[in-house]
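Structural description and commentary
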Amino acid sequence: MSAFNLLSEPIRKYIRDQRWESLRPIQEAAIQKIIATDNNYVLISRTASGKTEAAFLPILSKVNFKEKGVKVLYISPLIALINDQFMRVEKLCEYLDVPVTKWHGEASKGAKDRLIKAPEGIVLITPESLEAMFVNKPYHIHHLFSTLDYVVIDEIHSFLGSDRGIHLQSLLQRLQKVNTGKFTTVALSATVSDENNYAELKDFLGDPEHTKVIRDTTPKPINAVFKYFEGQTKELPLDLLKDLYRRTRDSKVLVFPNARGKVEEVAVRLKKLSEKVGGHANYFSHHSSVDKEVREYVEFFAKKSTHENFCISCTSTLELGIDIGNVDEVAQIDATHSIASLIQRVGRSGRREGKSSNLFLYATERWSLLQSLACWLLFKDQYIEPVTMSQKPYDVLVHQLLSVVKGSSGITLDKLIEDLTDNAAFKNISAEEVMEIVDHLTAIDFLEKLGPEYIIGIEGEKVVNTRDFYTLFHTPVFFRVVSQGVKIGELPLSAQTRPDENIYLSARIWKIKDIDYEAKKIEVTPAKDGKKPLFFGDAADTASKIREKMLEILISDDKYDFLDEPGDEIIRQMRKDFSIYEIRSHQTDRPLFSGNDKLKFYSFTGSKINRTLRFMLNRVGIETQFEENESKFELGFSKKSEFISVLKDLNLNTINSDEALAELLDNFPDVLNFSKWGEFLPLKYQIELLKNQYFDFEGCNEFLQNLNCIENK
DNA sequence: GACCTGCTGCGGACTG
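As the structure is a computational prediction, the values presented were derived from the model and not from experiment. (Residues numbered from 1 in each chain as written. Chains lettered and ligands numbered in written order. Predicted model: local features only at pLDDT ≥ 70, side-chain atom pairs only at ≥ 80, totals over all residues. Heavy atoms only, no water.)

**Let's talk about helix 3 (residues 25-36)**
Here is the rule: Each helix corresponds to a stretch of at least 4 residues labelled H or I by DSSP, and each strand to a stretch of at least 2 residues labelled E; elements are numbered beginning at the N terminus. A helix is expected to span 1.5 Å multiplied by its residue count minus one. The rule is simple: take the accessible area with a 1.4 Å probe, protein chains only, and divide by the maximum for that residue type; under 20% is buried, over 50% is exposed, in between is partly exposed. Arc, as used here, means the arc of the directions from the helix axis to the C-beta atoms.
Compared with the 16 Å implied by 1.5 Å per residue over 12 residues, the 17 Å span of helix 3 between its first and last C-alpha is a close match. Inspection of helix 3 places Ile26, Gln27, Ala30, Ile31 and Ile34 among the buried residues, and these make up the whole buried set. The arc that holds the buried residues of helix 3, viewed along the axis, is 125°, so those residues lie on one side. Among the exposed residues of helix 3, those oriented more than 90 degrees off its buried face are Pro25 and Ala36.

Next comes the structure, spelled out in structure tokens:
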């Protein structure tokens, strides 16, 4: 039977009313499988290929909504995505007379209350709101979600490989436990690495044997142009902005300059260029520190603009799912840190059927150009960096321990251990380890033993009873930026935030009038000229494969027809610079330069291995100047044979790493900042976290074993 | 220089 005929009558009517000529390939396949089986499915297909419908059309046809209770739970990483999907799903559900409820921190309380009075239909939720319910209203979890037939997880790749993902995995397991039957899961994603990674995905959904992947690999044509404009100063080159302006003045564009400060610089300077020549004034900025209402206005503007052109300068806030309408072009300024990120960004343009995607890539620095090329070529080879889920997520365990205890208001040790060791998210953590962590939490008053049962302790109450408890990620302190009562955005405190400084924010220029440290508020007034704002943050890690590809480009003589003349010249120069080494294999050979009184070692490997290598060298007394973008270590001595033999002997066996890591934690407690809950673990487990998440000793050892240093001629 | 994500419950003012 055709997929269309498998659908229920109201759903078929919906499709007819939409005047769809046919179902997309991913929809055909998903409908056949989801209707016929009770397997979990992961639907992988590029953006704007109809994945949401591929999941909901068959689920809505299959589920009996006449039964009591909520039947379908949709989980999304973003509030904005929930709001976006709500409109689509609700329109579909009108045909079935099934109610849809948004449940997140900014959703209406009234709608939530109505759902509690009469639990039914479909609920759209975030992992954090689900967590809050487990902690504060565990009876609502039973009341609302014990009759689920389906759980749909959107943008699942954004959860993979992170603590937030382990958290969600744990919540899904806890949810399955309260379910009277067994719910089926359908996960959606645009960017997941190939077969290697399907194991991670299947594990994530908790039942690998009954989890299948449906993938549509139909490519979308992408027109790419790479350009090089050398950046001499801290500001972006004017010529680059002029070129960007010329190319995009008559279209709808997203620009991704990688950092919030640069996002503001691009928005303000392009707007000025446009003003000068009487072009449109629709230049916006969009990132996490732009006020929410301003961001929503920008999204709304883009969505409703059919004839009017616009340019939004943005960070990864506009990288995921939200359909902001028809975008003609995407401009990326300097390299993305990952291929997945590049794919998502390119996919923002040409969403309309039959339209191709357009990418302008601008590089301002040679290594960034090289990395951009590497990402692009790997993407063309359909390579996406694999992600790995933490095998021993002790930090998430601490959080879930507190959540379970708080939600139970009194639980025995046996039950607590059973709850956590049963949970697939923690399957590699033993009962003994859980017990040890419980003991530690009791010792620091996070838990308290009351007769046979554990409850939250005095110190634990301080942590559990705050808004901040529900998330697995840290957030820095920000000051609100306000002009005459209107909120514009936020800024961190820095040398720049002081009266009379002029700064860009939300694509406009402001003068700082006053700073209220008590109320964490910065009062500003409009100004004519200023500087880009300073933000702090950590650069994301780059995969080893990208660095290897960079070296491969340097030793090949391939020509790239999408690269402009200055870019071509830079690659020629870099190839010449590296021709003094006889590199034969981009996998094992690495350049080692020795000059008068220094050595330069180019590792061409990923951030984690670099970090580990630097730490190990430091342990054997070798101080290095490290440059991540170039994957380069500089040493203040020239004895290259000595350095080569040190590298050969470096491994875990020659360094007492547990002791070394304990020392590191003692001297620099901030290294644990990547983990919000890690600080509440016993030292032994903090060390494990460092080993498993911050460093990569295994990868580093492998790198060193294969390493063949090639000296300059 | 260096991304992003989310958030309870209560009290009180205001609106219809």
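**Describing the nonpolar core**
Basically, it comes down to this: Residues enter a nonpolar core if they are buried and are Ala, Val, Leu, Ile, Met, Phe, Trp, Tyr or Cys, with the set joined through side-chain atoms within 4.5 Å. Throughout, a residue-residue contact means that at least one pair of heavy atoms, one from each residue, lies within 4.5 Å.
In this structure, Leu73, Leu130, Phe145, Ile153 and Phe204 are the most contacted members of the largest nonpolar core, which totals 70 residues. Residue contributions to this core peak at 8 residues, all from helix 16 (residues 394-408). The contacts of leucine 130, once residues within four sequence positions are left out, are Leu73, Ile75, Ile125, Ile141, Phe145, Leu171 and Leu175. Counting residues in each nonpolar core, the second largest holds 53 residues, with Phe256, Phe284, Phe301 and Ile571 among its members.

**Comments concerning the protein's contact with DNA strand B**
To be explicit about the condition: Being near a molecule or strand, for a residue, comes down to having at least one heavy atom within 4 Å of it. Think of a polar contact as two N or O atoms within 3.5 Å of one another; within protein, one of them needs to be a possible hydrogen donor and the other a possible acceptor, and neighboring residues in sequence only count if both atoms come from side chains. Here the term charged refers only to Asp, Glu, Lys and Arg, the term nonpolar to Ala, Val, Leu, Ile, Met, Phe, Trp, Tyr, Cys and Pro, and the term polar to all other amino acids, Gly among them.
Of all residues adjacent to DNA strand B, which total 33 residues, the nearest are Ile79, Thr126, Ser129, Thr315 and Arg467. Between DNA strand B and the protein, one listed contact pairs a sugar or linking oxygen with a side-chain N or O atom of asparagine 136 at 3.3 Å. For the surface near DNA strand B, the elements supplying multiple residues, two or more each, are helix 7 (127-136) and helix 12 (260-276). Looking at side-chain class alone, the surface near DNA strand B contains 9 nonpolar, 14 polar and 10 charged residues.

**Examining the sheet that holds strand 23 (residues 599-602)**
How we decide: Any two strands with at least two DSSP bridges between them are considered paired. Axis lines are fitted through C-alpha atoms, for helices just across the contact stretch, and the angle between N-to-C directions can take any value from 0 to 180 degrees.
The strand order across the open sheet built from 5 strands is 24-25-23-22-26, with neighbouring strands paired in mixed fashion. Looking at the sheet topology across the chains shown, the edges are occupied by strand 24 (625-627) and strand 26 (708-711). Neighbour-to-neighbour, the strand axes of this sheet turn through a mean angle of 25°, independent of strand direction.

**Brief notes about the packing of aromatic side chains**
This is how the line gets drawn: Any pair of Phe, Tyr and Trp rings, taking the six-membered ring for Trp, is counted once the centres come within 6.5 Å. Such a pair is stacked with planes under 30 degrees apart, edge-to-face with planes over 60 apart, and tilted for the rest.
Per the stated rule, a full pass over the model turns up 33 aromatic pairs. Ring plane angle 80° and centroid distance 6.0 Å describe the contact between tryptophan 367 and phenylalanine 578, whose orientation is recorded as edge-to-face. A residue pair is termed long-range when its members are at least 10 positions apart, and tryptophan 367 in helix 15 (residues 366-380) and phenylalanine 578 in the loop between helix 21 (565-577) and strand 22 (589-594) qualify at 211 residues. We classify tryptophan 367 as buried; its relative accessible area is 5%. Taking the relative accessible area as the measure of exposure, phenylalanine 578 reaches 9% and is therefore buried.

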